[in-house]
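Report on the structure
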Amino acid sequence: MDETSFPKPDGCQFRLSAAGEVWSWRLTTPDGECLRGFAPDPKTARRSAAFAAFAVSALRRTQQRRF
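These remarks concern the structure in this document.

Here is what the cut-offs are and how they apply
Residues numbered from 1 in each chain as written. Predicted model: local features only at pLDDT ≥ 70, side-chain atom pairs only at ≥ 80, totals over all residues. Heavy atoms only, no water. Helix = DSSP H or I, 4+ residues; strand = E, 2+ residues; numbered from the N terminus. Buried < 20%, exposed > 50% of the residue type's maximum accessible area, 1.4 Å probe, protein only. Contact = heavy atoms within 4.5 Å. Core = buried A, V, L, I, M, F, W, Y, C linked by side-chain atoms within 4.5 Å. Salt bridge = Lys/Arg side-chain N within 4 Å of Asp/Glu carboxyl O.

Describing the overall build of the chain
Scanning the chain from terminus to terminus reveals one helix and four strands. Secondary structure elements of the chain occur, N-terminal to C-terminal, as β-β-β-β-α. When each of the 67 residues of the chain is scored for burial, the buried share is 25%. Put simply, 19% of the contacts in the chain that link residues at least 6 apart link residues at least 24 apart.

Some remarks on the side chain of Thr-29
Within the secondary structure, Thr-29 sits in the loop between strand 3 (22–28) and strand 4 (34–39). The buried category is assigned to Thr-29, whose relative accessible area is 5%. Leaving out residues up to four positions away in the same chain, Thr-29 has contacts with Cys-12, Val-56 and Arg-60.

Remarks on the nonpolar core
In this structure, Cys-12, Phe-14, Leu-16, Trp-23, Trp-25, Leu-27, Ala-39, Ala-45, Ala-49, Ala-52 and Ala-53 together form the largest nonpolar core, which totals eleven residues. For this core, the secondary-structure elements that each account for two or more residues are strand 2 (13–19), strand 3 and helix 1 (42–65). The dominant element in this core, judged by the number of residues it contributes, is helix 1, at four residues.

A short note on the pattern of salt bridges
Overall, the coordinates contain one salt bridge when judged by the stated rule. Linking Asp-31 and Arg-60 is a salt bridge whose minimum nitrogen-to-oxygen distance equals 3.9 Å. You can see Asp-31 sitting in the loop between strand 3 and strand 4 and its partner Arg-60 sitting in helix 1, a full 29 residues away along the chain. Judged by its relative accessible area of 57%, Asp-31 falls in the exposed class.

Given below as structure tokens:
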């Protein structure tokens, strides 16, 4: 079963799908970069993707500050 994409923070797109006994998640950034992973259930997959979106946005903000 494949769920439709829905917007995430900072314009990231999230897709969740069943991959056998595990769930696959894919996060696409506005720049077109793709982050992927597996999780044992849909709830954990959503949380993993949310963490990835947070990490990507934090790194992007750090780059903009030019330490």
